[in-house]
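These are the residues of each chain, in order.
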Amino acid sequence: MGREIELKLALSREALARLLDSNLVERFDGTLSGPARLRSVYYDTPEQGLARDGISFRIRSGTGRIVQTVKTPPAIESLAADRGEWEWALNQARPALDLLGDPPLRDIAKRARKDGLHPAFETVIDRRIALLSHRGATVELAADTGRIATRTGARAALEVCEVELELKSGGVAALYAIAREIVDGWEARVVLASKSERAYALLRGVPQSVPVRAGKVELPRDIDARAALASIVGHGLKHLAG
């Protein structure tokens, strides 16, 4: 199992172009890659059971690789998404449920076999990547442009133009510091919803921009004070950002 900590920032195409032409990447000792096209197909049960439980199941093709990824919902609320992530290299772009052998994934595989999996939507993204160094941490910057498309008859689509910052090693403060520079310098805004969450909203006809109510903060009994404070603050920040 891996752990993914990432923050998404939306901005205009013009602002993204200016950011990529700036010296931001060089200032953090990074080198920007050339563009790569990534096609991801997201799968779910007919009743969207995985989505209801905050689980995403995708198969991504691009750069000569096929990768199956399963992500589980975050255990603690935070402005940056912090969730479980599993990845497997595949030989063909078809769901491989036999690979879901870890205990947290067995119920997902069991449900998928029982109810069946089908393609729910897809994303086609042109991505450029740079690894940034800051305060002893490594942060991956991914500049994404493209679209999210449903597989309904109308094939509704949603444009994507954003920067993903993912913590690869070190403290999360570095991720927020880089994000702050991008927000201040290029009029970016925090995006709380993942690409899959936006796609499901598109499928259900839900507006992409809806108020986020401050919900009840539920904490595990064995949580320590530092994690509890982070969860409470993260809950409040998500409310403000939404």
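Notes on the structure in this doc start here.

Procedures and definitions
- Residues numbered from 1 in each chain as written.
- Predicted model: local features only at pLDDT ≥ 70, side-chain atom pairs only at ≥ 80, totals over all residues.
- Heavy atoms only, no water.
- Helix = DSSP H or I, 4+ residues; strand = E, 2+ residues; numbered from the N terminus.
- Buried < 20%, exposed > 50% of the residue type's maximum accessible area, 1.4 Å probe, protein only.
- Areas by Shrake-Rupley, 256 points an atom, 1.4 Å probe, with all protein chains shown as cover.
- Core = buried A, V, L, I, M, F, W, Y, C linked by side-chain atoms within 4.5 Å.
- Contact = heavy atoms within 4.5 Å.
- Salt bridge = Lys/Arg side-chain N within 4 Å of Asp/Glu carboxyl O.

### A closer look at the overall build of the protein chain
- Scanning the protein chain for helices and strands turns up seven helices and nine strands.
- Residues classed as buried in the protein chain amount to 42% of the 242 residues present.
- Counting every atom, the protein chain has about 13,100 Å² of accessible surface; 51% of that belongs to carbon and sulfur.

### Digging into the nonpolar core
- In terms of nonpolar packing, the biggest core is built from 28 residues, with Leu 11, Leu 141, Leu 165 and Ile 182 touching the most fellow members.
- When residues of this core are traced back to their parent elements, those giving at least two are strand E1 (2-10), helix H1 (13-21), helix H2 (24-27), strand E6 (118-134), strand E7 (137-150), strand E8 (157-169) and helix H5 (172-186).
- The element best represented in this core is H5, accounting for six residues.
- Ignoring anything within four residues of it in the chain, the contact list for Leu 11 reads Leu 16, Leu 19, Cys 161, Glu 162, Val 163, Trp 186 and Ala 188.

### Structural notes on the pattern of salt bridges
- Applying the stated rule across the entire model yields 23 salt bridges.
- Note that Arg 83 and Glu 6 form a salt bridge whose closest N and O atoms lie 3.0 Å from each other. Of this pair, Arg 83 sits in strand E5 (residues 81-89) while Glu 6 sits in strand E1, and the two are 77 residues apart along the sequence.
- Judged by its relative accessible area of 15%, Arg 83 falls in the buried class.
- Residue classification places Glu 6 among the buried residues on the basis of a relative accessible area of 4%.
- Three or more residues are tied together by salt bridges with common partners; here these are Glu 4, Glu 6, Lys 8, Lys 71, Arg 83, Glu 85, Arg 127, Asp 144, Glu 162, Glu 164, Lys 195 and Arg 198.

### A closer look at the environment of Ala 81
- Its place among the elements puts Ala 81 in strand E5.
- Using a relative accessible area of 21% as the deciding quantity, one classes Ala 81 as partly exposed.
- Residues Ala 81 and Ala 193 lie 112 residues apart in sequence; the distance between their C-alpha atoms is 9.3 Å.
- Apart from the residues within four sequence positions on either side, Ala 81 is in contact with Glu 4, Ile 5 and Glu 6.

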